[in-house]
Amino acid sequence: MAKRSARRKAIDLVGVPIDYGANLRGVGMGPTAFRLAGLAENLRAEGIAVRDQGDVPLPPPRKRPPGDDCLPEIRAVCADLARRVERALVAGRMPLVVGGDHSIAIGTVAGASRHFRARGGRMGLLWVDAHGDMNNPRTSPSGNIHGMPLAVTLGDGIPVLVRLGGFAPKVDPSRTALVGIRNLDEEERGNIARFGINVYTMKDIDRRGIASVMDEAVHVASNGADGVHVSFDMDVVDPQTAPGVGTAVPGGLSYREAHLVMELVHDAGVMTSLEVVETNPFLDVRSQTAKLGVELILSALGKSIY
Ligand SMILES: [Mn+2]
C-alpha cells in the first residue's frame, strides 16, 4: 500500500474503560491513566491535532454468576466502538483507541475493516501481544473474552461477536501478523496453525532482532491492503518495564524494542488506526506503564529523537 504520513493525520481519541473481558478488574482504569499521563497534551505538543471523544459508555455493572463472560455488555460496547472508529475513518481522521481489556479489539477491528470494505478495499492487521488471543469458547481454559479477539476477527468464535458489523471475517489471515508472543494455551496453538496467520515469537525476535521481524510483519500486514490496524497489548513489553498489565508474562520486549516496534510502524507509513490495551493502573508502579504507553503512541505517530 502507498505510504502516508501519520504525522499530519488528525486523531480521534476514544477511551474504552472496560474490564469485563478479563478475570481481574483494573484495566478499565486504563483510559484515565493515559489521560492523566498527558496523552492528548503530548500529541498536541508534537503538532498532532487531537479530538478527545471521551469514553464509550458502559452498561451498568451487574452481579455476575461464576462463568458469566459478560457477552451482552462486551457486544454492546464493541458495537458502539465500531461505529465510532468507522465514523472517524470516514471523516479522514485516525482512530486512537485506549483500553480497556483486549476484547475491545473486536469492535475496533470491526469498525476499521468495515470502512475499507465499504470502499472495496482491504485491511491488514498487526497484533503485538504476549498472548495469541486466538482462543474460542471450546479451547479457552478461562472462558474470558479478552483471550479470543484475534480468533473472532478471523471469523472463529461466538457468532454475535464474529458477525459484528454485519460481515465476517474482518481480516484475511494472510494479512495478519502476530508479534511478540511467548505464551499460548495448548489448543490455541492448533487454532493458530489452522488459520495460518504469520507468527513472530519472542524466540524469533531474539534470534533475528526486532527490526528484521518488524520489517517482515509490516510487509505481511500491508501487502495488498488499503490500511493497517495496529493492536498493541501492553503485556508484550517485559513486566519489569511494564508492570501494570492485566496478564503479565516474563521475557517480553525491552523498552527500546517496544519503541522500535512503534518507530518502524511509523516509518512504514501504513498505519490507519491504533489501539493500546490492557494497562492496569491498579497493578502499576508509579504510573510507569501508562507513561510508557503514551510514549509508545507518540513513537507510532512519528515522534523521533532528533
Ligand atoms: Mn491481548
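A few points on the structure. This is a predicted model, so every value here is computed, not measured. (Residues numbered from 1 in each chain as written. Predicted model: local features only at pLDDT ≥ 70, side-chain atom pairs only at ≥ 80, totals over all residues. Heavy atoms only, no water.)

1. Structural notes on the nonpolar core
Reasoning step 1: Counting 52 residues, the largest nonpolar core has Leu39, Leu43, Leu126, Met214, Phe232, Leu274 and Ile297 as its most contacted members.
Reasoning step 2: Once residues within four sequence positions are removed from consideration, Leu274 is found in contact with Pro95, Leu96, Val97, His229, Val230, Met262, Ile297 and Ala300.
Reasoning step 3: Of all hydrophobic cores here, the second largest spans 44 residues; its members include Tyr20, Phe116, Ala151 and Val277. (Core = buried A, V, L, I, M, F, W, Y, C linked by side-chain atoms within 4.5 Å. Buried < 20%, exposed > 50% of the residue type's maximum accessible area, 1.4 Å probe, protein only. Contact = heavy atoms within 4.5 Å.)

2. Here's the deal with the packing of helix H10 (residues 255-268) against helix H11 (residues 288-300)
Reasoning step 1: Put simply, H10 and H11 touch, their axes get as near as 7 Å, and they point 30° apart. The orientation of H10 with respect to H11, classified from their angle, is roughly parallel. Counting all contacts with H10, which are made through Tyr255, Ala258, His259, Met262, Glu263 and His266, the residues of H11 involved are Leu292, Glu295, Leu296, Ser299 and Ala300.
Reasoning step 2: Its residues assigned to classes, the contact of H10 with H11 comprises 6 nonpolar, 3 polar and 2 charged. (Axes fitted to C-alpha atoms, helices over the stretch in contact; angles between N-to-C directions. Helix = DSSP H or I, 4+ residues; strand = E, 2+ residues; numbered from the N terminus. Parallel < 35°, antiparallel > 145°, perpendicular 65-115°, else oblique. Nonpolar A, V, L, I, M, F, W, Y, C, P; charged D, E, K, R; others polar.)

3. Focus: the environment of His115
Reasoning step 1: Looking at the secondary structure, you find His115 in helix H4 (residues 105-118).
Reasoning step 2: Residue classification places His115 among the buried residues on the basis of a relative accessible area of 8%.
Reasoning step 3: As for His115 and Val85, which are separated by 30 residues in sequence, their C-alpha atoms are 8.7 Å apart.
Reasoning step 4: The residues touching His115, leaving out its near neighbours within four places in the chain, are Glu86, Leu89 and Val90.

4. Observations regarding the coordination of the manganese ion
Reasoning step 1: Those protein atoms acting as donors to the manganese ion are His102 (ND1), Asp129 (OD), Asp133 (OD) and Asp233 (OD), and they sit at 2.1 to 2.3 Å.
Reasoning step 2: Each donor residue of the manganese ion lies on one chain, and together they are spaced H-x26-D-x3-D-x99-D. Highlighted residues: His102 in the loop between strand S3 (94-99) and H4 and Asp233 in strand S7 (residues 227-233), separated in sequence by 131 residues.
Reasoning step 3: With a relative accessible area of 0%, His102 lands in the buried category.
Reasoning step 4: The buried category is assigned to Asp233, whose relative accessible area is 2%. (Donors = N, O, S within 2.8 Å, 3.2 Å for Na, K, Ca; no water.)

5. Considerations on the pairing of strand S4 (residues 123-128)
Reasoning step 1: In terms of burial, S4 is largely enclosed, as 6 of its 6 residues are buried.
Reasoning step 2: Going residue by residue along S4, you find Met123, Leu125 and Trp127 tucked away on one face and Gly124, Leu126 and Val128 tucked away on the opposite face as well.
Reasoning step 3: Where S4 meets S7, 6 bridges bridge the pair, whose relative direction is parallel. Opposite Leu125, over in S7, you have His229 as the bridge partner.
Reasoning step 4: Note: S4 against strand S5 (residues 176-181), 4 bridges, orientation parallel. Bridge pairing in S5 places Leu125 opposite Thr176. (Pairing = 2+ DSSP bridges.)

6. Looking at unusual backbone geometry
Among all residues save glycine, negative phi is the norm, and among peptide bonds the norm is trans.
Reasoning step 1: Residue Gly99 is joined to Gly100 through a cis peptide bond whose omega torsion reads 10°.
Reasoning step 2: Relative to the helices and strands, Gly100 is located in the loop between S3 and H4.
Reasoning step 3: Across the junction of Ala168 and Pro169, the peptide omega takes the value -10°, indicating a cis bond.
Reasoning step 4: Structurally, Pro169 can be placed in the loop between helix H6 (159-162) and S5.
Reasoning step 5: Of note in this structure, Cys70 is not a glycine but carries a positive phi near 60°.

7. Comments concerning the packing of helix H9 (residues 210-222) against H10
Reasoning step 1: One way to put it is that H9 packs onto H10 with a least axis distance of 10 Å and a crossing angle of 40°. Judged by the inter-axis angle, H9 sits oblique to H10. Of the two possible hands of crossing, H9 and H10 adopt the one that is right-handed. Of the residues in H10, those touching H9 at Ile210, Ala211, Met214 and Val218 are Glu257, Leu260, Val261, Leu264, Val265 and Ala268.
Reasoning step 2: Class assignment of the residues belonging to the contact of H9 with H10 gives a composition of 9 nonpolar, no polar and 1 charged. (Left-handed = near helix turned anticlockwise from the far one by under 90°.)

8. Observations regarding the side chain of Lys170
Reasoning step 1: Along the polypeptide, Lys170 turns up in the loop between H6 and S5.
Reasoning step 2: Notably, Lys170 is buried but unbridged: the nearest opposite-charge side chain belongs to Glu86, and the N-O separation is 11 Å.
Reasoning step 3: Within polar-contact distance, the side chain of Lys170 engages the backbone oxygen of Val162 at 2.7 Å.
Reasoning step 4: In this structure the side chain of Lys170 is engaged in a polar contact, spanning 2.8 Å, whose partner is the backbone oxygen of Leu164. (Lys, Arg positive; Asp, Glu negative; His and termini not counted. Salt bridge = Lys/Arg side-chain N within 4 Å of Asp/Glu carboxyl O. Polar contact = N/O pair within 3.5 Å; in protein donor to acceptor, adjacent residues only side chain to side chain.)

That's the geometry; what it means functionally is another story.
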